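What follows is each chain in one-letter form.
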Amino acid sequence: MDYIKLANLLYPDAKDASYWEEKYKQRNLKEGAEVVRIAPSPTGYLHIGNFFGAMVDYEIAKTTGGVFYLRLEDTDKKREIDGADFVAVNSLNTFGIAPIEGSTPSGVEVGNYGPYRQSNRLEIYKSYAKKLVSEGKAFPCFCEKAGDVNEVYERREKELQNQETISEKDVCRNLSYDEICQKLKQGKKFALRLKSNGKEGDKVFGYDLCRGKMEFPANCKDIVLMKDNGIPPYAFAHVVDDYLMKTTIVVRGSDWLSTWPQHLEIYNALGLKPLNYVHTPLICKLGENGNKRKISKRYDPEADMRYYLEMGIPTVAVCEYVLNLANSNFEIWRAKNPDLDFREFEFNPKKIGVSSPLFDMNKLLDISKNIISKMTALEVYNNVLNWAEQFDNDFAIYLKNNKEFATKVFNIDRESKKPRKDLEMFSQAKQVFSYAFSNFLKDMNLDDYEIEKENFEKVKEVLTNYKQVVNCLDDKETWFNKIKEQASKLGYAVDNKEYKENPQNFKGNTATFCEFVRVAITGRKNSPDLYTIISILGQEETINRLEKLEKLL
RNA sequence: GGUCCCGUGGUCAAGUGGUUAAGACACCGCCCUUUCACGGCGGUAUCAUGGGUUCGAAUCCCGUCGGGAUCACCA
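Residues numbered from 1 in each chain as written. Chains lettered and ligands numbered in written order. Predicted model: local features only at pLDDT ≥ 70, side-chain atom pairs only at ≥ 80, totals over all residues. Heavy atoms only, no water.

**Quick notes on the protein's contact with RNA strand B**
Among the 62 residues in the neighbourhood of RNA strand B, the closest are listed as C143, K227, R420, R518 and N526. Atoms of RNA strand B within 4 Å of the protein: sugar and phosphate make up 68%, bases the balance. Contact distances for RNA strand B include 2.8 Å between a phosphate oxygen and a side-chain N or O atom of T75. S258 has a polar side-chain atom sitting 3.0 Å from a sugar or linking oxygen of RNA strand B. Among the elements of the structure, α6 (149–161), β6 (191–194), β8 (212–217), β13 (292–294), α12 (330–336), α13 (361–373), α21 (476–489) and α23 (510–522) are those that each provide at least two residues to the surface near RNA strand B. Among the elements that take part in the surface near RNA strand B, α6 stands out by supplying five residues, more than any other. (Near = heavy atom within 4 Å. Polar contact = N/O pair within 3.5 Å; in protein donor to acceptor, adjacent residues only side chain to side chain. Helix = DSSP H or I, 4+ residues; strand = E, 2+ residues; numbered from the N terminus.)

So, in structure tokens, the structure goes:
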């Protein structure tokens, strides 16, 4: 068989591969600088697993002084979602770890190694496909392709039941030149397949930065390099792209581990040295059967990065959580450096774990509430407003019209060394500060107050007395003295030790007295400093709230 | 079923032949406290399992079990 003749038949107008080699020069980077990429598909959202990879990319590029670029892998026309091209890059942008090269939100591409969208690189793939054909390493296949995904699953199920091996050489690999000509003349479309050299028992090695040298059985399948629509699947496209874009480390999820031998054979066929890879652990959740499983968009809202925005979790918190998953010594560093930006952490790709972690919302929210507790009241205001503008318009309008008041509320117990940590996410603001942001006097019914029935009488007595002396203009000491005075008068212990020794002698202690007042003012037993709340509410509102509950009882 | 990966407390994990097996989150208890918090202190581990190597194993070797990923002209 004259392979060059075949190559010209199949790809008459393809440029020679050397054209591209010439065009894309080596990057001018200092020694040790790594070139990494994120390669999302336009599926309409950014998956947390991809985000994890992007974080690793970002950190590697940062710590080595390298390049982090984005390449859009839009070769699957069936899965593509309209307008989704920039979802991933936009997400990375809002989370603060955007790539510096490749596709950008504006649609303009930055960098000298483009196009950065695979559908615009078909000419390039064609060159390398032609090269492989001309060397007898690839052949056209005219077989009918499988149908949709479900059909593939069904077929696979059957094969597994019958314990068939799936690694047969393709029937078209021995077609003669004339046979190929004939089929082309009939107008038949062809897919290009790799003529696999793999034999049963062959071994192949890959180098993973975290896992070290790994051994696999060599690929034996004549995998597809070009689909019959002229577009390459991932396996071929990424090898060509990463080579021409001068990538040095491929970061991807460990769900790619088992197809690695295929990729290694493609490198080999192309005469290229395989790149270093990092296979990141898969973020998991507990399924209904109690087993771990890969987190997925279909069942888990947390898989979609937009979820965290909707919840109003600070983007930095999400970054820190994911970073901690990638390098678990991050939180030790964080404890030592509470005020540094997470980007100053020294990341080590070798420390990326190999076992798949369970997603832990508790942990994320802990990080989140600590971050929020360190913000100024104005920062909290701006963040809550920003959240509300997207997800709660009424609340946004309210916040805009009451900026001064809202900021004061957010400032309660904030400017101390030990600020409260009530807010885990901005979406909780309305509920956490309900005593300030709801129409309290109108909305509250007796059932809404946190009081036990047996205390009704005592509460009423406290309110009746306290409303006569409360003055929201008092300084804190005077205010508290009045509390103690009233408490003492009504039979509440002012001295806590005394109360503990003989609780039966008192109706309660100052704390109990305060609790009753607090419930009237806020509806809850749990709220920040009462004095501050009363000062913010003002005299009239304070009295009204005391009287309202008094009347209800 | 084949292949590959993984197995330290509820979760994330440090730990690579000798440790009282770190730390964080969650949970529980106590202390501080005008409530709520914040903070402080404390609590819970036969390191999946069986065998082997060794004076000594979470750590090395083998088996078993368990879990995961993957097996498309999807990425």
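**Things to note about the sheet that holds strand β5 (residues 138–141)**
Here three strands make up an open sheet; going across it, the order is β5-β6-β9 and the pairing antiparallel. One side of each edge strand has no neighbouring strand; the edge strands of this open sheet are β5 and β9 (224–226). The sheet shows a mean angle of 45° between the axes of neighbouring strands, direction not considered. Looking at chain direction, β5 and β6 are connected through four bridges and run antiparallel. When the bridges of β6 are listed, P140 appears paired with L192. Helix α5 (residues 122–134) contacts β5, β6 and β9 of the sheet and is inclined by roughly 125° relative to β9. (Pairing = 2+ DSSP bridges. Axes fitted to C-alpha atoms, helices over the stretch in contact; angles between N-to-C directions. Contact = heavy atoms within 4.5 Å.)

**Points about the side chain of S127**
Following the sequence through the fold, S127 ends up in helix α5. Note on S127: relative accessible area 1%, which makes it buried. In this structure the side chain of S127 is engaged in a polar contact, spanning 2.8 Å, whose partner is the backbone oxygen of K15. The residues contacting S127, other than those within four sequence positions of it, are A14, K15, D16, A17 and W20. (Buried < 20%, exposed > 50% of the residue type's maximum accessible area, 1.4 Å probe, protein only.)

**Remarks on the pattern of salt bridges**
Summed over the entire model, instances satisfying the criterion amount to 34 salt bridges. Salt-bridge contacts for E123 lead to K15; the nearest nitrogen and oxygen are separated by 2.6 Å. Highlighted residues: E123 in helix α5 and K15 in the loop between α1 (3–10) and α2 (17–23), separated in sequence by 108 residues. Relative accessible area serves as the criterion here: at 40%, E123 is assigned to the partly exposed category. Across the pair K203 and E215 runs a salt bridge, and its minimum N-O distance is 4.0 Å. Separated by twelve residues along the polypeptide, K203 in strand β7 (residues 203–208) and E215 in strand β8 bring together distant segments of the chain. Each of R37, R71, E73, R121, D241 and D242 takes part in one network of salt bridges that share partners. (Salt bridge = Lys/Arg side-chain N within 4 Å of Asp/Glu carboxyl O.)

All we've got here are geometric facts, nothing functional implied.
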